[in-house]
Structure formats: structure tokens, C-alpha cells
Amino acid sequence: MTIIPHNKPMPPKELQILTSLHPRMKLSTTEKQNYENLHKGFLGELKFYDLLCNHPSTNQITLFDLLLESNNTEFQIDSLIINQNTIFSLEIKNFEGDFYLEGDKWYVVGSGKEIRSPLLQLQRTEYLFKQILQKLHVNMTIKPYIIFINDDFTLYQAPIALPAIFPTQVKRFINKLNANSRKLTAHHTKLAKKLISMHLEESAHSRLPSYEYHQLQKGITCRTCSEFLSPINKIKLKCQGCGYEEAVDYGVMRSVAEFNLLFPNKKITTSQIHEWCVVISSKRRIREILLRHMTLIRNGRYSYYVFKKI
Ligand SMILES: [Zn+2]
């Protein structure tokens, strides 16, 4: 059963903003690290999503990336799978390399560097999520698991009782879920919708660099490699870095979305987008594209565009 939105992984806003800033300004080492970690985590979720899509089940509801709050504490659930009597709360980790456990501490093999325990994170999430379910008077069992999705991950000294699904077990785990799923009712759908309605759009803990319009490099960024695109003819743009090509309309509209993400309080006007995209020399062309894809709010020389309501 599919319930929209949250039926597939969504990049957190922090990642969306960093993805957009990354080619446009110099990020500090910590900011870059944060960007790479978020990006890697998101790729892990996509990989898990693809595996689920390859083994679809009509008798369960899968939700991704819920940012919830319980007792004034924010927590994120990477994926929730709602079955007839059980809710699987999944923490998806895209860890790569060799790790080992010693007591309740997790370390990287070689460097011996301690990492934040995914188990503690899982337990914290379970505790907070249970409180939410209690408040909603939902009496279902929660089964929390850490899903290690990266094929190049190894964990030494892991106790057999660790609630972890290792890369070699993920497919079997999904098959087992499907085999045990029974018909869902309106209660399950209601619960899923309720949880979606409780999702927080923005985290109070996001660590974004401060940025201003004049600091950022203008242009249309490439979707695949973060270089900038330039026009090769009237209808196409091409990336000098990786050769990726896209229609001018599409590139401009992606840039409008980025502009709006980075500067939600600035008005979208022809002049503004002409300046933001840089490489489209004709203002008339920009106006045509905006008129085609957006709604014009007429107000003389202060006219601006808004996204069309779907
Ligand atoms: Zn490229």
C-alpha cells in the first residue's frame, strides 16, 4: 500500500541546501564532512528503497524519513514498515569498512576511532517513538533494527542478539517481512497519515553554513557532477565536467527551485533569475520559460512568479 508523501526517501532539507551550496561557495572541512555524511546516508536509504521496490508487498505501508518530536526531543526514523500487528522501525546505515564492538562501544578497525553507537541511537528512537504511539493509543509491537546496507561493511565481535540486519541478510529480511504480512485495515492507513502529519519540515539541529546571495557563484549547476552547465545551442545545456546534457527549460527551472530553496524570502522575477542563471543571455528567454512553468502575479514592475499549484 502506498501512502504519499514519505513513500520514498527524501533528501533532508539540510542536504538539499548543502548540495546547492557546495558548487557555489567554499565549504569548511566540517561543513564538507557533514555534506558527505548526509549524502552517503541518503544513498543508503535509496539503496534500501530499491531493494524494497524489487520485492513489493501490498500488505504493508512503508514510510521514509520521518522527523518527529516527542517530549520536546527531535528524532528521525529512516524507515518505518507498518504490518498488521508490528511496526518495524529501521535505522539505515551506509557504513563502509571494518568496525568492531567492545562492550557497548563501536570502533573503526585500524584507526581505533570510536563512533557514535548506532544501537544507542536505535534505542533512543524506539523509546521516543513508543511514547508517540502511546499518546495515539496505538497498541502495536515495535521491532527496531539497524540495517547495514553497504556491501563493504563488516562488524567484528557482534553478539548474535544485536538487532542488526547485515548486508548479506537484507534481501532475506525483506522476503520474510513480505511472507509474514497480512491484510491491512483503515486503522493502519490512519496511523500512517497521522505520523506523516506530525513530520517536522525542518530540524532545529541542522548545521548550515551562513551564506548570502552576493557570495554565491551564479550559474546552472550540473545534476550529476556539480560543475556548471553552459548552452550548446538554443535548447540545450551541457556540462563541461561530465558531458551531461539537459533542456534549457529544465535547467532554468531546476535553478529557480534552488534559488527558492536558498532564498525563500526573495521574489522570483525575470531579472533575478536571469542574473542567477548567468548563462542564458536573453532575458526574454527567461521570461518565456517562467511564464510557461510558473504563475505570474501581476503587479506592474513589481510582478513576480510563484510555483503552480498542483
Ligand atoms: Zn556534470
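Residues numbered from 1 in each chain as written. Predicted model: local features only at pLDDT ≥ 70, side-chain atom pairs only at ≥ 80, totals over all residues. Heavy atoms only, no water.

## With respect to the pattern of salt bridges
Next up, step 1: The full count for this structure, using the stated rule, is 12 salt bridges.
Next up, step 2: Glu-202 is the partner of Lys-13 in a salt bridge, and the nearest nitrogen-oxygen pair spans 3.0 Å. Residue Lys-13 is found in helix α1 (residues 13-21), and its partner Glu-202 is found in the loop between α5 (186-197) and β10 (229-231); the two are separated by 189 residues along the sequence.
Next up, step 3: A relative accessible area of 32% means that Lys-13 is categorised as partly exposed.
Next up, step 4: For Asp-249, the salt bridge identified is with Arg-285, shortest N-O distance 3.6 Å. (Salt bridge = Lys/Arg side-chain N within 4 Å of Asp/Glu carboxyl O. Helix = DSSP H or I, 4+ residues; strand = E, 2+ residues; numbered from the N terminus. Buried < 20%, exposed > 50% of the residue type's maximum accessible area, 1.4 Å probe, protein only.)

## Some remarks on the layout of surface pockets
Next up, step 1: Size it by volume and the second largest pocket reaches roughly 680 Å³.
Next up, step 2: Lining the second largest pocket are 20 residues, with Gln-16, Thr-19, Arg-223, Arg-254 and Glu-258 positioned closest to its centre.
Next up, step 3: Residue assignment for the lining of the second largest pocket shows that the elements contributing at least two residues are α1, α2 (29-54) and α6 (248-262).
Next up, step 4: Classifying every residue of the lining of the second largest pocket gives 10 nonpolar, seven polar and three charged. (1 Å grid on protein atoms, 1.4 Å probe; cavity = no way out; pocket = protein on both sides within 12 Å on 5 of 7 lines; lining within 4 Å. Points joined across faces, edges and corners; volume = space filled by probe spheres on them. Nonpolar A, V, L, I, M, F, W, Y, C, P; charged D, E, K, R; others polar.)

## Examining the packing of aromatic side chains
Next up, step 1: Going through the model one piece at a time under the given rule, you end up with 20 aromatic pairs.
Next up, step 2: Ring geometry for Phe-95 versus Phe-99: centroids 5.4 Å apart, planes at 25 degrees, classification stacked.
Next up, step 3: Summarising the aromatic geometry, the rings of Phe-153 and Phe-166 are spaced 6.4 Å apart at their centres and angled 10 degrees between planes, so their arrangement reads as stacked. Taken together, the residues Phe-153 in strand β8 (residues 153-156) and Phe-166 in the loop between β9 (164-165) and α4 (170-180) connect sequence positions 13 residues apart.
Next up, step 4: One aromatic cluster in this structure is built from Phe-95, Phe-99, Trp-106, Phe-148, Phe-153 and Phe-166. (Phe/Tyr/Trp six-rings, centres within 6.5 Å; stacked < 30°, edge-to-face > 60°.)

## Remarks on the environment of Ser-197
Next up, step 1: The residue Ser-197 is located in helix α5 in this model.
Next up, step 2: The class of Ser-197 is exposed, set by a relative accessible area of 51%.

## Remarks on the side chain of Gln-131
Next up, step 1: Relative to the elements of secondary structure, Gln-131 occurs in helix α3 (residues 118-135).
Next up, step 2: Its relative accessible area of 18% is what places Gln-131 among the buried residues.

## A short note on the domain arrangement of the chain
Next up, step 1: Per the domain assignment, the segments making up the chain are domain 1 (13-197) and domain 2 (218-307).
Next up, step 2: Its C-alpha centre places domain 1 at a distance of 35 Å from the equivalent point of domain 2.
Next up, step 3: Each side of the interface is counted separately: domain 1 has eight residues, and domain 2 has nine residues.
Next up, step 4: Approximately 740 Å² of surface area, both sides summed, lies buried where domain 1 meets domain 2, with 63% of it carried by carbon and sulfur atoms.
Next up, step 5: At the boundary of domain 1 and domain 2, one finds one salt bridge.
Next up, step 6: As a salt-bridge pair, Arg-24 and Glu-258 come within 2.9 Å of each other at their nearest N and O atoms.
Next up, step 7: Its residues assigned to classes, the side of domain 1 that touches domain 2 shows three nonpolar, three polar and two charged. (Domains from an automatic or database assignment. Contact = heavy atoms within 4.5 Å. Buried area = accessible area lost by both parts, 1.4 Å probe.)

## Notes on the packing of α2 against α4
Geometry of a packed helix pair, given as the angle between the helix axes and the separation of the axes.
Next up, step 1: At a minimum axis distance of 10 Å, the contact between α2 and α4 shows a crossing angle of 50 degrees. Overall, the two elements α2 and α4 adopt an arrangement that is oblique. Two packed elements cross with a definite hand, and for α2 against α4 that hand is right-handed. Contacts between α2 and α4 involve Phe-48, Leu-51 and Leu-52 on the former and, on the latter, Val-170, Lys-171 and Ile-174.
Next up, step 2: Broken down by class, the residue content of the contact of α2 with α4 amounts to five nonpolar, no polar and one charged. (Axes fitted to C-alpha atoms, helices over the stretch in contact; angles between N-to-C directions. Parallel < 35°, antiparallel > 145°, perpendicular 65-115°, else oblique. Left-handed = near helix turned anticlockwise from the far one by under 90°.)

## Section: the pairing of strand β13 (residues 294-297)
Next up, step 1: As defined by bridge partners, β13 adjoins strand β14 (residues 304-307) across four bridges and the pair is classed as antiparallel. Bridge pairing in β14 links Leu-296 to Tyr-305.
Next up, step 2: Connecting β13 to the next strand, β14, in antiparallel fashion are six residues, including Gly-300 with a positive phi near 55 degrees. (Pairing = 2+ DSSP bridges.)

## Some details on the UniProt feature "domain: NERD" (unreviewed entry) in the chain
Next up, step 1: Taking the numbering used here, the UniProt-annotated feature "domain: NERD" (unreviewed entry) corresponds to residues 40-152.
Next up, step 2: In residues 40-152, helix accounts for 29% and strand for 42%; the two terminal C-alpha atoms are 14 Å from one another. (UniProt positions renumbered as here; feature names shortened; annotations may be inferred.)

## Considering the coordination of the zinc ion
For a metal with four tetrahedral donors the ideal donor-metal-donor angle is 109.5 degrees, while six octahedral donors give ideal angles of 90 or 180 degrees.
Next up, step 1: Donor atoms from the polypeptide that bind the zinc ion are Cys-222 (SG), Cys-225 (SG), Cys-239 (SG) and Cys-242 (SG), placed at 2.3 Å.
Next up, step 2: Each of the four donor atoms around the zinc ion contributes to a set of angles spanning 99 to 117 degrees, which defines the coordination as tetrahedral.
Next up, step 3: The sequence motif formed by the donor residues of the zinc ion is C-x2-C-x13-C-x2-C. Of this pair, Cys-225 sits in the loop between α5 and β10 while Cys-242 sits in the loop between β11 (236-239) and β12 (245-247); the two residues are 17 residues apart in sequence, bridging distant segments of the chain.
Next up, step 4: Assessed through its relative accessible area of 41%, Cys-242 is described here as partly exposed. (Donors = N, O, S within 2.8 Å, 3.2 Å for Na, K, Ca; no water. Tetrahedral: all angles 85-135°; square planar, octahedral: opposite > 155°, others 65-115°.)

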